[in-house]
Amino acid sequence: MDNLSEKVASVAVKYTDLDNNLVELSTSENLTGNIGDKINYSTADEIKNLTNQGYVLVNDPFDSKGKEPVFSEDQDSYMVTFKHGREQVTVDNLKYGCKLEDLQVKGTQTVHYVGAGDKTPADNVQTSQWSRTVTIDTVTHELVAGGEYDTEWSIVPGQKTEYDQVATPVIDGFHADRATVPATAVTQDDIETTVTYAPNGKIIPVDPSGKPIPNVPTPTYPTDPSD
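Residues numbered from 1 in each chain as written. Predicted model: local features only at pLDDT ≥ 70, side-chain atom pairs only at ≥ 80, totals over all residues. Heavy atoms only, no water.

If you tally the helices and strands in the chain, you get one helix and 16 strands. The proportion of buried residues among the 227 residues of the chain is 29%. Counting only contacts in the chain whose residues sit at least 6 apart along the sequence, the fraction spanning at least 24 positions is 58%. When the accessible area of the chain is evaluated, it comes to approximately 14,300 Å², of which 47% is carbon and sulfur surface. (Helix = DSSP H or I, 4+ residues; strand = E, 2+ residues; numbered from the N terminus. Buried < 20%, exposed > 50% of the residue type's maximum accessible area, 1.4 Å probe, protein only. Contact = heavy atoms within 4.5 Å. Areas by Shrake-Rupley, 256 points an atom, 1.4 Å probe, with all protein chains shown as cover.)

Attention now moves to unusual backbone geometry. We note that Leu22 has phi near 60 degrees; this positive angle belongs to a residue other than glycine. Along the chain, Leu22 falls in the loop between strand S1 (8-17) and strand S2 (23-27).

This paragraph deals with the environment of Gly147. By the element assignment, Gly147 lies in the loop between strand S9 (134-137) and strand S10 (154-155). Along the sequence, Gly147 and Thr135 sit twelve residues apart, while their C-alpha atoms lie 5.2 Å from each other.

The biggest cluster of nonpolar side chains holds 15 residues, and the ones touching the most others in it are Tyr15, Ile39 and Phe82. The set of elements that each furnish at least two residues to this core consists of S1, helix H1 (44-51) and strand S5 (77-84). The element best represented in this core is S1, accounting for four residues. The residues contacting Ile39, other than those within four sequence positions of it, are Val11, Leu31, Phe62, Pro69, Val70, Phe71 and Tyr78. With nine residues, the next largest nonpolar core counts Tyr113, Ala116, Ile171 and Val181 among its residues. (Core = buried A, V, L, I, M, F, W, Y, C linked by side-chain atoms within 4.5 Å.)

Our next topic: the sheet that holds strand S16 (residues 191-199). Read across the sheet, five strands follow the order S10-S8-S7-S16-S13 without closing on themselves; strand pairing throughout is mixed. On the outer flanks of this sheet lie S10 and strand S13 (174-176), each paired with one strand and no other. Direction of pairing for S13 relative to S16: antiparallel, over a ladder of three bridges. Residue Phe174 lies in a different strand from S16, and its bridge partner there is Pro199. (Pairing = 2+ DSSP bridges.)

A separate point is the environment of Ala122. The residue Ala122 is located in the loop between strand S7 (104-114) and strand S8 (124-131) in this model. For Ala122, a relative accessible area of 63% puts it in the exposed group.

Next comes the structure, spelled out in structure tokens:
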């Protein structure tokens, strides 16, 4: 006697990744039973395993909230689907191998001095700190371009928004090509300005005919701090 209830069907439960072309993450053993019978199977353990790896459950046909899956001649598999989790990462909450340089950069303004020999001042350097938040894929641990948690680069709170004006140091016997480097809006790009010193001229005594007088002092013009 060949009743419907005596027909046996086989089915597998497949766990797939919607964010990776339905790649199969794992699968159950082949489950067998009479056609029309409820498939007595729990997805709980494998769902827990995959969510621990950063996946987010999208659909589970065995969640008991809808029509319960049964053995059928027309269906040889059921699909439990997942997507990749997304999480915000900040400089205060580094995780998933995210690097600080992905979230924070430093801009600098450097005033570089040349031309005064061993009297040349050291560079004047001011810095600014910039930060952002990013979106990380909790499965691959890679940055998600244009992710929902991404923010634009912004100046770290408490940091200056403008580099200070820098007065050129006065060096006796030399004059510089600028008295100050003006205040400048901070930027992520490095800014470098060079201030060049040159020796002051000398007083050259000359005779009535305009010829230099030999063997007389030739004093250097004094440096005027206001000019």
